[in-house]
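# What the coordinates show
One-letter residues, chain by chain:
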Amino acid sequence: MTRNPLGLRIASTTLAGVMTIYMAGCSKAEEPIRAPSANTTIGTEIDDSLLTTRVKAALLDNIDIKSLDLKVETRKGEVMLSGFVDNQTQIDHAVAIARAVPGVISVSNGVNLKGAPTTIGTKIDDAVITAQVKTALMADASVKSADIAAVTRDGIVQLSGFVNNQPQIDRALAVAGSIKGVIRINNEMTIKH
């Protein structure tokens, strides 16, 4: 395993800390304030945010993994990895690194392999599709869009996150599927337990 130099580790740790503060201060602003579900507490949500930050920092610390292509979400100590990477070795390393972070109970692997290299035009198209999917999810009142991450690669949209029930998953898939340019949808969403 190749490690990043000290300066990059400090920068990535600082970035992770800033992201945690930002998430704590600005998370879920588009939704009305509500009490956490009976299964979670404010403390659990904070612990999960910190655990997400620790996993992201650990992934950033490894130069063999393109961690900026990965999404990390946590619920009650269960870490969900999703996104697209170049090869199976990167997936295996990412899962092993996430499992090694103290506090991680389990790791759900929703990472997919990238296809052929993409062009700049395709990357722009993918960014537009992702933005349209996120906007459509936010506009749909029956979908808790703050709990769903979206990423697009070559027109393939990957939806991941922890949602309340199957109807939310079904609705999110329908909304994403209605966006022009979406070729296929990979469903990596999980029902909260």
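Our subject in this report is the structure included herewith.

Rules used in this analysis
- Residues numbered from 1 in each chain as written.
- Predicted model: local features only at pLDDT ≥ 70, side-chain atom pairs only at ≥ 80, totals over all residues.
- Heavy atoms only, no water.
- Pairing = 2+ DSSP bridges.
- Helix = DSSP H or I, 4+ residues; strand = E, 2+ residues; numbered from the N terminus.
- Axes fitted to C-alpha atoms, helices over the stretch in contact; angles between N-to-C directions.
- Contact = heavy atoms within 4.5 Å.
- Polar contact = N/O pair within 3.5 Å; in protein donor to acceptor, adjacent residues only side chain to side chain.
- Core = buried A, V, L, I, M, F, W, Y, C linked by side-chain atoms within 4.5 Å.
- Buried < 20%, exposed > 50% of the residue type's maximum accessible area, 1.4 Å probe, protein only.
- Salt bridge = Lys/Arg side-chain N within 4 Å of Asp/Glu carboxyl O.
- Expected span 1.5 Å × (residues − 1).
- Patch = residues over 30% accessible without salt bridge, like charges linked within 9 Å, V, L, I, M, F, W, Y side chains within 5 Å.
- Areas by Shrake-Rupley, 256 points an atom, 1.4 Å probe, with all protein chains shown as cover.

## Structural notes on the sheet that holds strand β1 (residues 70-75)
- Taking strand neighbours across the sheet as the criterion, the three strands line up as β1-β2-β3 in an open arrangement whose pairing is mixed. Each edge of the open sheet is held by one strand with a lone partner, namely β1 and β3 (106-113). Sheet twist, expressed as the average angle between the axes of neighbouring strands with direction ignored, equals 10°.
- With eight bridges connecting them, strand β2 (residues 78-85) and β3 associate as parallel partners. When the sheet's bridge partners are listed, Phe 84 is paired in β3 with Asn 112.
- The strands touched by helix α2 (residues 42-60) within the sheet are β1 and β2, with β1 carrying the most contacts at an inclination of about 150°.
- Here helix α3 (residues 88-100) sits on the sheet and contacts β1, β2 and β3; the angle it forms with β3, its principal contact strand, is near 160°.

## Quick word on the sheet that holds strand β6 (residues 184-191)
- Overall, mixed pairing links the three strands, which are arranged β4-β5-β6 in an open sheet. Whereas interior strands pair on both sides, the edge strands pair on one side only; in this sheet they are β4 (148-153) and β6. Averaged over neighbouring strand pairs, the angle between their axes works out to 10° when direction is ignored.
- As judged from the eight bridges shared by strand β5 (residues 156-163) and β6, these two strands associate in the parallel manner. Among the inter-strand pairings, Phe 162 is bridged to a residue of β6, identified as Thr 190.

## Let's talk about the side chain of Gln 90
- Take Gln 90: it is sitting in helix α3.
- Reaching out from Gln 90, the side chain makes a polar contact with the backbone nitrogen of Asp 86 at a distance of 2.8 Å.

## Side note on the nonpolar core
- Counting residues in each nonpolar core, the largest one holds 18 residues, and the members touching the most others are Val 55, Leu 59, Leu 70, Val 79, Leu 81, Val 104 and Val 107.
- Elements with a minimum of two residues in this core: α2, β1, β2, α3 and β3.

## Brief notes about the pattern of salt bridges
- Here the structure, examined in full by the defined rule, presents four salt bridges.
- In this structure, the salt-bridge partner of Arg 171 is Asp 140, at a minimum N-O distance of 2.7 Å. Highlighted residues: Arg 171 in helix α5 (residues 166-177) and Asp 140 in the loop between α4 (120-139) and β4, separated in sequence by 31 residues.
- Residue Asp 140 is classed as buried on the basis of its relative accessible area of 12%.

## Notes on α2
- The terminal C-alpha atoms of α2 lie 27 Å apart, and with 19 residues this matches the ideal 27 Å at 1.5 Å per residue to within 8%.
- Those residues of α2 that fall on the buried side of the exposure criterion are Asp 48, Leu 51, Thr 52, Thr 53, Val 55, Ala 57 and Leu 59.

## What about unusual backbone geometry?
- Although it is not a glycine, Lys 76 adopts a positive phi angle of roughly 50°.
- For Lys 76, a relative accessible area of 29% translates into the label partly exposed.
- For Asp 154, which is not glycine, the phi dihedral falls at a positive 55°.
- Along the polypeptide, Asp 154 turns up in the loop between β4 and β5.
- A relative accessible area of 28% means that Asp 154 is categorised as partly exposed.

## A few points about the side chain of Gln 168
- Position of Gln 168 among the secondary structure elements: in helix α5.
- Residue classification places Gln 168 among the buried positions, given a relative accessible area of 9%.
- Of the polar contacts made by the side chain of Gln 168, one reaches the backbone nitrogen of Asn 164; its length is 2.9 Å.
- Discounting residues that sit within four places of it in the chain, Gln 168 has contacts with Ser 142, Lys 144 and Val 163.

## Quick word on a nonpolar patch on the surface
- On the surface, Ile 42, Ile 46 and Leu 50 cluster together to form a nonpolar patch covering roughly 260 Å² of accessible area.
- The topology assignment puts Leu 50 in helix α2.

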